[in-house]
Amino acid sequence: AQSVAQPEDQVNVAEGNPLTVKCTYSVSGNPYLFWYVQYPNRGLQFLLKYITGDNLVKGSYGFEAEFNKSQTSFHLKKPSALVSDSALYFCVVPPSNTGKLIFGQGTTLQVKP
Amino acid sequence: NAGVTQTPKFRVLKTGQSMTLLCAQDMNHEYMYWYRQDPGMGLRLIHYSVGEGTTAKGEVPDGYNVSRLKKQNFLLGLESAAPSQTSVYFCASSFVGSNQPQHFGDGTRLSIL
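Attention in this report is confined to the structure presented alongside it.

**A closer look at the environment of A:Gln45**
Residues and elements named next belong to chain A.
Step number 1: Relative to the helices and strands, Gln45 is located in strand E6 (residues 44–50).
Step number 2: When its relative accessible area of 22% is taken as the criterion, Gln45 is described as partly exposed.
Step number 3: Residues Gln45 and Thr108 lie 63 residues apart in sequence; the distance between their C-alpha atoms is 15 Å.
Step number 4: Gln45 has contacts with Trp35, Tyr36, Val37, Tyr39 and Tyr61, leaving out every residue within four places of it along the chain.
Step number 5: Among the polar contacts listed, one links the side chain of Gln45 to the side chain of Tyr61, at a separation of 3.1 Å.

Here you go:
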């Protein structure tokens with residue numbers, strides 16, 4: 001069965017420091033992988049996706065993610081965190097062509113001034 | 001573009017009452033989805049539609065019905081509301097293909113007493 005795991009419920013970072021939100025996946029074949037962000041009382045917003053090609057994917061709001069096939073990971077990164085980046089982050093995999101998504105359990109990012 | 005619009009934003013029902021949640025998208029997306037989000041449970045797919053006039057069951061379909069009479073609208077119905085259906089409901093839409101990101105509405109917060 002295909003799945004994604006986010007091993008950290010919460011990540012705390014000081015503003016201006018680099019941040020990493022971890023994701024590992026279990027997918028047969030070549031995976032598609034997404035990151036979404038959810039701000040309080042809002043719906044999920046698409047950040048970036050890995051389809052194929054470069055292992056470093058750049059997305060919205062200065063975020064990027066590194067695909068590592070040997071470690072089956074797709075970690076979300078940002079060089080310099082902002083307080084406004086504080087939100088809930090989901091790693092997501094689409095297992096079929098119906099558009100269904102499998103969500104990780106989510107990681108709350110807290111960026112402190 | 002409004003994107004994905006959900007109405008109402010909030011609602012309180014009594015057990016046994018019925019209601020319909022409306023989702024409208026203006027992006028000409030083929031696929032539409034209804035999710036529920038509960039604390040500690042992540043997002044779970046209720047029903048989805050791959051085109052006008054077609055619907056399919058997701059992960060947690062019991063107690064819900066859906067209709068997709070027009071491409072831009074996807075309705076979620078609760079025939080006889082139960083307290084276990086207290087949740088935040090999200091609608092999403094996407095183009096065809098598992099590499100296409102989903103676009104989410106801001107949710108309907110539903111409480112059933």
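**As for the interface of chain A and chain B**
Step number 1: Taken residue by residue, the interface counts 21 residues in chain A and 20 residues in chain B.
Step number 2: Summing the contributions of chain A and of chain B, the shared interface buries around 1,700 Å²; its carbon and sulfur component is 55%.
Step number 3: Our enumeration of links across chain A and chain B arrives at 6 residue pairs in polar contact (both at pLDDT 80 or more).
Step number 4: At the level of secondary structure, the elements contributing two or more residues to the side of chain A that touches chain B comprise strand E5 (33–38), E6 and strand E10 (87–93) of chain A.
Step number 5: Classifying every residue of the side of chain A that touches chain B by side-chain character gives 11 nonpolar, 7 polar and 3 charged.

**Describing the state of the cysteines**
By definition, a disulfide links two cysteine residues through a covalent bond between their sulfur atoms.
Step number 1: One pass over the structure, following the stated rule, counts 2 disulfides over all chains.
Step number 2: Disulfide pairing places A:Cys23 opposite A:Cys91 at an S-S distance of 2.0 Å. Between A:Cys23 and A:Cys91, the S-S dihedral sits near -65°, and the bridge is therefore left-handed. Note that A:Cys23 is positioned in the loop between strand E3 (19–21) and strand E4 (24–26) and A:Cys91 in strand E10, a separation of 68 residues in sequence. The exposure classification of A:Cys23 matches that of A:Cys91, with both residues buried.
Step number 3: The disulfide partner of B:Cys23 is B:Cys91, and the S-S distance across this bridge is 1.9 Å. On the sign convention where negative is left-handed, the bridge of B:Cys23 and B:Cys91, at about -75° about the S-S bond, is left-handed.

**Quick look at the environment of A:Leu76**
All names here are of chain A.
Step number 1: When you line up the elements, Leu76 lands in strand E9 (residues 73–78).
Step number 2: Take Leu76: its relative accessible area is 0%, and that puts it in the buried class.
Step number 3: For the pair Leu76 and Leu48, spaced 28 residues apart in sequence, the C-alpha to C-alpha distance is 9.4 Å.
Step number 4: Contacts of Leu76, omitting those with residues within four sequence positions, involve Leu19, Thr20, Val21, Trp35, Leu47, Leu48, Phe63, Glu64, Ala65 and Tyr89.

**Thoughts on the sheet that holds strand E1 (residues 4–7) of chain B**
Residue and element names in this part refer to chain B.
Step number 1: Strand order in the open sheet formed by 4 strands is E1-E3-E8-E7, with antiparallel pairing between adjacent strands. Two strands bound the open sheet, and with one partner strand each, they are E1 and strand E7 (64–67). The average undirected angle you get between the axes of adjacent strands in this sheet is 20°.
Step number 2: As defined by bridge partners, E7 adjoins strand E8 (residues 73–78) across 4 bridges and the pair is classed as antiparallel. Across the sheet, the residue bridging to Tyr64 is Leu78, located in E8.

**Remarks on the nonpolar core**
Step number 1: Counting 28 residues, the largest nonpolar core has A:Trp35, A:Leu47, A:Leu48, A:Phe74, A:Leu76 and A:Tyr89 as the members making the most contacts within it.
Step number 2: Elements with a contribution of two residues or more to this core: strand E2 (10–14), E3, E5, E6, strand E8 (64–68), E9, E10 and strand E12 (107–112) of chain A.
Step number 3: Core analysis: the next-biggest nonpolar cluster, separate from the first, contains 19 residues, B:Leu13, B:Met19, B:Leu21 and B:Met32 among them.

**Let's talk about the packing of aromatic side chains**
Step number 1: Taken as a whole and assessed by the stated rule, the structure comprises 14 aromatic pairs over all chains.
Step number 2: Here A:Tyr36 and B:Phe104 contribute two aromatic rings whose centre-to-centre distance is 5.8 Å and whose plane-to-plane angle is 80°, an arrangement assigned as edge-to-face. Placement of the pair is A:Tyr36 in strand E5 and B:Phe104 in strand E10 (residues 103–104), with the two residues belonging to separate chains. Neither residue differs from the other here; A:Tyr36 and B:Phe104 are each classed as buried.
Step number 3: For the pair B:Tyr31 and B:Tyr33, a centre-to-centre distance of 6.5 Å together with 85° between the ring planes defines the contact as edge-to-face.
Step number 4: Overall, the relative accessible area of 0% leaves B:Tyr33 in the buried class.
Step number 5: By way of ring pairs, the aromatic residues A:Phe34, A:Tyr36, A:Phe46, A:Phe90, A:Phe103, B:Tyr31, B:Tyr33, B:Tyr35 and B:Phe104 are connected into one cluster.

Thresholds, definitions, all that
Residues numbered from 1 in each chain as written. Chains lettered and ligands numbered in written order. Predicted model: local features only at pLDDT ≥ 70, side-chain atom pairs only at ≥ 80, totals over all residues. Heavy atoms only, no water. Helix = DSSP H or I, 4+ residues; strand = E, 2+ residues; numbered from the N terminus. Buried < 20%, exposed > 50% of the residue type's maximum accessible area, 1.4 Å probe, protein only. Contact = heavy atoms within 4.5 Å. Polar contact = N/O pair within 3.5 Å; in protein donor to acceptor, adjacent residues only side chain to side chain. Buried area = accessible area lost by both parts, 1.4 Å probe. Nonpolar A, V, L, I, M, F, W, Y, C, P; charged D, E, K, R; others polar. Disulfide = S-S within 2.5 Å. Pairing = 2+ DSSP bridges. Axes fitted to C-alpha atoms, helices over the stretch in contact; angles between N-to-C directions. Core = buried A, V, L, I, M, F, W, Y, C linked by side-chain atoms within 4.5 Å. Phe/Tyr/Trp six-rings, centres within 6.5 Å; stacked < 30°, edge-to-face > 60°.

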